[in-house]
Every structure is written in structure tokens, then in C-alpha cells.
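Observations on chain architecture
Each chain, written out:
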Amino acid sequence: MTFQDKHGPMANAIRSLSMDAVEAAKSGHPGLPMGAADVATVLFTQFLKFDPADPNWPDRDRFVLSAGHGSMLLYSLLHLIGVEGVTLDELKRFRKLGSKTPGHPEYGHTPGVETTTGPLGQGIATAVGMALAERLLAAEYGKDVVDHYTYVLASDGDLMEGISQESIALAGHLRLSKLIVLFDDNGISIDGPLSLADSVDQVARFKAAGWDAVRVDGHDPAAIAAAIEAARKAERPTLVACKTTIGYGSPNRAGTSKAHGEPLGADELAASKAKLGLSPEPFHVPADVLEAWRAVGGRSATERQAWAGRLAKLDAGKRAEFERRMGRELPPALTKGIADLKAKLLAEPVTVATRKASEMALEVVTEAVPELVLGSADLTPSNNTKTKNLQVVKPGELAGRYIHYGIREHGMAAAMNGMALHGGVIPAGATFMVFTDYCRPAIRLSALMGTRVIYVMTHDSIGLGEDGPTHQPVEHLAALRAIPNLNVYRPADAVETAECWELALQSVCSPSVLALTRQNLRQARKDGAGENLSAKGAYEVSPAKGAAKVSLFASGSEVEIALDAQALLADRGISARVVSVPCLDLFLAKSEAERAAVIGDAPVKVAIEAGLRMGWDQVIGDRGIFVGMSGFGASAPYKDLYAHFGITAEAVAEKAAARLG
């Protein structure tokens, strides 16, 4: 008997487990697993290349449940195919503290979960990055080593979110043919029929974006299988719109919003099981059905072993490089390259914008780290992210390392999450700092998942000048620093910029933001070639002469102001020290003793940053002096703006001297 012959009972096992888990938790979303069970069963039994014995096998197919609220669909599948750790007891603990089955799928928490989903639209957008990474690596290592599909199960909500348009447009443009989206087209949202708020023809929309797109009956296994088979042979990404009934099998709730986001209740659960021919016993899967699902789990073991054999036959050097990259280890050449660049800068100081300093660092880094893939949201000349050695990724030419994302900041950020999760590449993408607002949901997921994604954000303050307050970040540094597990680097000069790039690349489990200036800055660093001082988060860049009466703390472009203020205070006979704070996050993570040693005991403490005060009281105390912004900027040349808002060396010196009395 084939899997197709047992399709009905196998799909019903998903429905049964999902209904029971939601009922036991007294919360959750039974409707999607019940409605999409047929689609998922066809995919897993006939197509998905995935070995539960090795959930991290590099050449596995990726399955992304973009509709993360339907998480019990995924947990049921992982349990049924035999993924270690996703036990029946864990299904019974759905949504309980410490379980492997949280309300929405979480990467790194549950084996077999490829990405954290729940915020609608993020899953499909992340999957675009996974599919792109697969194509980049296939172009480099060949089909014998890299040849897999990325499948997405998406909901109406995923496709209504704006990020979906950015992402499908990019995927269509690049012709990511190994990306297949299965659309759970059930026509229902929380408020009721989808027609209350939406009338988009999704098939036409995807076709307009350069995709193949078809409609099928989402409860017809043969039709679903035929559509997936055709999609696997297509030269473009494919949308398969599967017309389903939400809450399939529920006598009184199927096809209604009542099936979406709440338990069925004891009576409706019993009636649903009776209608589907299921045992009333909670969490019961017939032995023959479980055996069939476990056979599905073993289906790809032979493929994985064959892949391992092909990898072993690869040239030894190339194989070692592939394994290094998939193991997320950095090449030794990076350390030497950064050290040599710093030595050169200390010998021959430069006055440049840190966005230009970043380009200088990238000339070294891109040679040392071949897996670094850069890009920009249509601001390449302003972000300075394209070095001379990078080939552009184009439709039909996916062997490059530079991606023109277009004006799609949110889609870019989510795609980079997918690239990082896939492995084998380190993504870095750029835009203006103010547009982190457009990227923020994906940045937050980067931090939550612990992905090595590097966000290069230039034009980081009022220092960008004439473009005015719409483009001048004010609250952004504080807002980004508020995200746990995100390191925000704001280097003061070319030396610190090189160090911050090194730190960002070394941060395997944390994303990074590089906040870079438009305006030129004098080089503050005079020594320290051997040690990455920026790794301290904060360090004394210019000591006081004698006992310090004033400690000046600053980041980025304001370190130059602090150094000038130090000289002005010296003219008044006041000894001051300057502490550069390239990464407040790293500094605040240090021990209390380490922080106290850097903060010092000068009676007057001043923080200088062309942003908000928020966060700086942990350094200067609530009685410390803050010189920065308290409102939005204005349109004018940047030097006029710094003077207008009182962020000057003269203002700093005056306030510090006044406090001393």
C-alpha cells in the first residue's frame, strides 16, 4: 500500500493531534491544521526531502510554515515523521512554559523548525532568502552538493502583509525557481469572510510579479501532487493556490472564522472526530497510520547518504571550504586582514566618513570572507557597500555576491534572515539609518532567532544635513538598542569601523547594526593596533592629564566633539578624559566591575550623542549631563544643525565647567 492509498487517515492524524492539542491548551488555532492537512500530507509524503535523523542536513528541503499561528500542523508533522524531541508528550504540552511546542514556531527551540514565524508575512519573506542562498551556493558548489527546494505554506494574512509584495517581487525578478509557495486559500480571516477586507486575485498578482501560479482543490491529493510536480520543473517560482476549508471536518465551524483562533470545545471536538471517523481518545494515532508516517520519515535517509557520498568525492579543499561555511566558522584570513588594515590606518591616519571607512574595511573583508554577500535597498552609491571585487546577482546569473534589493527595505531584511538561517552565506544589507523603521520587524526576528545578519545603516544622524527631519534619525539608536540580542555599533573613525566589522562577523548568534556617518570624521585612534578595543563596548580613547574632573562619553561622530571639548576644558585648567563608546550594548553587558573601571570616578559625567538620552543614564547616571537631541531635526547643512541644536564642543565644555562650579 502506498502513501497515497493511506492519504486520508494520514491527513486525519494531523487534524486529530491538532484539535486535541489546542483543546488541551485551551488556546490556539485549530482551523489551519484541519484545513491544510491534505496539502501538508501530500508535500511530506511525496516530495519533501527531509531526514528526521539529521534535521540540519545541509541539502534538505526547507519547509516554512509562514502561517505560524497554525503551528500544530508543523508540530504534528514533526512528531509523526519521528523528529527526536518532538514527542507526543510535547504535543500534550502545547503552549506550556518550557515545552518544545510554543504557540508559534521558534527557530532553535524546536528541532525541525527552519525559522521563527507568527508575524504574518515574515515566513514567506524569509523563505525568499533561503531560496536565494540555495541558488548562490549551487552556483558555487554545483548540484551534486546543493540542490534542494524551499516550500512555504502561506495564509491569506501572509499575502495581505505589505512585506509579501516586496518579497515576491524580488523572487520573481531573480527567477528563484526552487521556491514553491502553497497558499492555504480558505477565504477566512479573524473578522470573518476575507471579502470584508480583500478582493485581490492572488494568482494574477503572483503572475504579474514573474511567478508561475495555479489554482487547485486543496482537498484533492492528486491535484495537489500534480501542481507541486509541475512547480518543481518550472523556470520561475511558483504559487499553488490551494482552495481549502478552514476547520475541515468540523460540523458547525468549518468554513467560518469560529474555526480560526480558538479551541473547538468538547462537544464540537467530539462531533468533528466522529465525522472524520477518528477515535474519541485524545492524542490517539492508529498504529498503522503512525507506522506509515514513520516510513515517510525514513524516506530521505538514502538520499542523505548518497549526498554525503557525493560531498566526500568533492575536491578536498572545496569540501573543507563548504564544511567551514556551513559550520559558520570564519576563515583565519579575516583576523590578519583587519590587523593589517588597522596598522596601516594608525601609520597613515585618514579623515573620512565612516560609510567610506566601511567601504575601506570591506575591500579587505570581502577578500578574506568569501561567504559575505552584500547588498543595498537601492542606495549603493550612498551606502558604499559594493566593492570592486563583487559580482552582481542577476536573473539567470546567480553566482555573484552583491544583491540589488530595490526599494524593499523590509523584504531585504527578512531575506537576509533566510540567507543566514540557510547557512553557507553571511548576509549584509544596507539602507539609510532612518529606514530601520521599515526593517524593524525583521531585525527583531534576527535578534530573537540569533542570526548573523549585518545591517549597514548609513546617514546615522542630523549629520546627514539638508535632507531634513524625515531622513534624520533621532530616536533610532535608542530604539534599536532596546532590542535584546542586537548589537548596535557606532564607530568613531576608520579604525573603529574596521573593528566593528570584525565584531559583527564574529557574532554568530547575534545580529549587528553598523550606524555610519555621511560626514567626514577625523581619526580619533592613535594606537591599539593589536587589540580590538571596540570589543570592550567602551574604552578610554584620550586619557586625562592628572586626575580627571570630567569624563566625556561619546559614540560615532560625537567622539570628535568630545575630543575638542577636552581641549577646551584643558584651556580652562579642567582635566577631562574621553571615552569612546562604539557599542553601548556590549559595554552594558560587561560586569559591574568592568563598567565601573571604564566609567571612572570623575565628579562630572557627560554623554554626547546626536540622538536621544535614552540608555545613557546607565553610564552617566540620572544626574549626568546629556548633550544630544530631544526632538526632531531640521533641513540645513550639518554644521549649522549641530550648532543650532547645541551639539558642539563649546556647549559641552560650558556645561561641564558650569557643573563643576
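Residues numbered from 1 in each chain as written. Predicted model: local features only at pLDDT ≥ 70, side-chain atom pairs only at ≥ 80, totals over all residues. Heavy atoms only, no water.

**Things to note about the overall build of the chain**
We count it as follows: Where helices and strands are cited, they refer to DSSP runs of H or I of at least four residues and of E of at least two residues respectively, numbered from the N terminus. Radius of gyration: C-alpha atoms only; globule rule: 2.2 Å multiplied by the number of residues to the exponent 0.38. We call a residue buried when its accessible area falls under 20% of the maximum for its residue type, exposed when it is over 50%, and partly exposed in between, using a 1.4 Å probe and counting protein chains only. When checking whether two residues touch, look at their non-hydrogen atoms; a contact exists if any pair is within 4.5 Å.
Along the backbone of the chain there are 26 helices and 20 strands. By the compact-globule yardstick of 26 Å for 661 residues, the chain fits well, its C-alpha radius of gyration being 28 Å. Taken over the C-alpha atoms alone, the chain extends approximately 90 × 55 × 45 Å along its principal axes. Here the chain holds 661 residues, and the buried ones make up 62% of them. When contacts within the chain are restricted to residue pairs at least 6 apart in sequence, those whose partners lie at least 24 apart make up 78%.

**Considering the pattern of salt bridges**
The cut-off we apply is this: A carboxyl oxygen of Asp or Glu within 4 Å of a side-chain nitrogen of Lys or Arg is what we treat as a salt bridge.
Here the structure, examined in full by the defined rule, presents 30 salt bridges. Two residues, aspartate 147 and lysine 178, come together in a salt bridge whose shortest N-O distance is 2.1 Å. Of this pair, aspartate 147 sits in the loop between helix H5 (122-141) and strand S2 (150-154) while lysine 178 is found in the loop between helix H7 (162-174) and strand S3 (179-185), placing the two residues 31 residues apart along the sequence. The partner of arginine 613 in a salt bridge is aspartate 617, with the nearest N and O atoms 2.6 Å apart. When its relative accessible area of 28% is taken as the criterion, arginine 613 is described as partly exposed.

**Side note on the sheet that holds strand S14 (residues 512-516)**
To keep things clear, this is the line we draw: Any two strands with at least two DSSP-identified bridges between them are counted as paired. Axis definition: a line fitted to C-alpha atoms, limited for helices to the stretch in contact. Angles are taken between N-to-C directions and run from 0 to 180 degrees.
If you walk across this open sheet you meet the six strands as S10-S9-S11-S12-S14-S13, and the pairing is parallel. Both outer strands of the open sheet, strand S10 (402-404) and strand S13 (487-489), are each paired with one neighbouring strand and no more. Taken over all neighbouring pairs, the strand axes of this sheet differ in orientation by 20° on average, direction set aside. The pairing of strand S12 (residues 454-458) with S14 spans five bridges and is classified as parallel. Across the sheet, tyrosine 455 pairs through a bridge with valine 513, a residue of S14.

**Observations regarding the packing of helix H15 (residues 354-368) against helix H20 (residues 494-506)**
Quick note on the threshold: The labels follow the angle: roughly parallel below 35 degrees, roughly antiparallel above 145, roughly perpendicular from 65 to 115, and oblique for the rest. Each crossing is labelled by how the near helix is turned from the far one, with a counterclockwise turn of less than a right angle marking it left-handed and a clockwise turn marking it right-handed.
H20 packs onto H15 with a crossing angle of 55° between their chain directions and a minimal axis gap of 9 Å. The angle between the axes of H15 and H20 places the two elements in the oblique class. In this structure, the crossing between H15 and H20 has a hand that is right-handed. For the pair H15 and H20, contact is made by Thr354, Ala357, Ser358, Ala361, Leu362 and Val365 and by Ala494, Thr497, Ala498, Trp501 and Leu505, respectively.

**Some thoughts on the side chain of threonine 238**
Its place among the elements puts threonine 238 in strand S7 (residues 238-243). For threonine 238, a relative accessible area of 4% puts it in the buried group. When near neighbours in sequence (up to four residues on either side) are disregarded, threonine 238 contacts Leu179, Ile180, Val181, Trp211, Asp212 and Ala231.

**Topic: the nonpolar core**
To be explicit about the condition: Only buried residues count toward a nonpolar core. Its members are Ala, Val, Leu, Ile, Met, Phe, Trp, Tyr and Cys residues joined through side-chain atoms within 4.5 Å.
Grouped together as the largest cluster of nonpolar side chains are 72 residues, with contacts concentrated most on Trp211 and Met419. Excluding residues within four positions of it along the chain, tryptophan 211 makes contact with Ile168, Ala171, Gly172, Leu179, Val181, Phe206, Pro237, Thr238 and Leu239.

**So, the packing of H5 against H7**
The following threshold applies: As a working rule, the residues Ala, Val, Leu, Ile, Met, Phe, Trp, Tyr, Cys and Pro are called nonpolar, Asp, Glu, Lys and Arg charged, and the rest polar, with Gly in that last group.
The geometry of H5 relative to H7 is characterised by a closest axis approach of 8 Å and an angle of 20° between their N-to-C directions. Taken together, the axes of H5 and H7 are roughly parallel relative to one another. Note on packing geometry: the crossing formed by H5 with H7 is left-handed. Mapping the contact onto sequence places Gln122, Ile124, Ala125, Val128 and Leu132 in H5 and Ile163, Ser164, Ser167, Ile168, Leu170, Ala171 and Leu174 in H7. Residues of the contact of H5 with H7, tallied by class, amount to nine nonpolar, three polar and no charged.

**With respect to the side chain of threonine 451**
Tracing the sequence through the fold places threonine 451 in the loop between helix H18 (436-449) and S12. You can call threonine 451 buried: its relative accessible area is 4%. In this structure threonine 451 touches Asn417, Ala420, Leu421, Ser446, Val508, Ser510 and Pro511, once residues within four positions along its chain are discounted.

**Digging into the environment of isoleucine 574**
Note that isoleucine 574 resides in the loop between helix H21 (558-571) and strand S18 (576-580). Owing to a relative accessible area of 14%, isoleucine 574 belongs among the buried residues under this scheme. For isoleucine 574 and valine 550, which are 24 residues apart along the polypeptide, the C-alpha to C-alpha distance reads 7.7 Å.

**Description of the state of the cysteines**
What counts, and what does not: Any two cysteine sulfur atoms within 2.5 Å of one another count as a disulfide.
Considering all chains together, one arrives at zero disulfides under this definition. With no disulfide of its own, cysteine 439 has cysteine 583 as its nearest cysteine by sulfur position, at a separation of 19 Å. The exposure class assigned to cysteine 439 is buried, which follows from its relative accessible area of 0%. Distance from the sulfur of cysteine 583, which forms no disulfide, to the nearest cysteine sulfur (cysteine 500) is 7.2 Å.

**Re unusual backbone geometry**
A positive phi angle, close to 55°, is found at arginine 175, a residue other than glycine. Overall, arginine 175 belongs to the partly exposed group, its relative accessible area being 35%. Even without being glycine, phenylalanine 283 reaches a positive phi, approximately 60°. Tracing the backbone through its elements, the reader meets phenylalanine 283 in the loop between helix H10 (266-276) and helix H11 (287-297). Judged by relative accessible area, phenylalanine 283 falls into the buried class, the value being 11%.

**With respect to H7**
How we decide: One fewer than the residue count of a helix, multiplied by 1.5 Å, yields its expected span.
With 13 residues, H7 extends 19 Å between its outermost C-alpha atoms, agreeing within 8% with the 18 Å of an ideal straight helix rising 1.5 Å per residue. Those residues of H7 lying buried are Ile163, Ser164, Ser167, Ile168, Ala169, Leu170, Ala171, Gly172 and Leu174. Those residues of H7 that are buried are in contact with H5, helix H6 (156-160), S3, helix H8 (202-208), S10 and helix H17 (409-422). Phi turns positive one or two residues past the end of H7, at arginine 175, with a value near 55°.

**A look at the sheet that holds S7**
Overall, parallel pairing links the five strands, which are arranged S1-S2-S3-S7-S6 in an open sheet. Looking at the sheet topology across the chains shown, the edges are occupied by strand S1 (62-65) and strand S6 (212-217). Ignoring strand direction, the axes of neighbouring strands in this sheet form an average angle of 20°. Relative to S7, S3 runs parallel, the two sharing six bridges. Within the sheet, the bridge partner assigned to phenylalanine 183 lies in S7 and is alanine 241. Against the sheet, H5 touches S1, S2 and S3, its axis set at about 175° to S2. Against the sheet, helix H9 (residues 221-232) touches S2, S3, S6 and S7, its axis set at about 170° to S6.

**Considerations on H21**
When the terminal C-alpha atoms of H21 are compared, their 20 Å separation across 14 residues agrees well with the 20 Å that a helix rising 1.5 Å per residue should span. Taken together, the buried positions of H21 are occupied by Glu558, Val559, Ile561, Ala562, Leu563, Ala565, Gln566 and Leu569. The inward-facing, buried residues of H21 contact strand S16 (539-542), strand S17 (550-554), S18, strand S19 (604-609), helix H25 (638-644) and helix H26 (649-660). Glycine 573 occupies a position one or two residues after H21 and carries a positive phi of about 80°.

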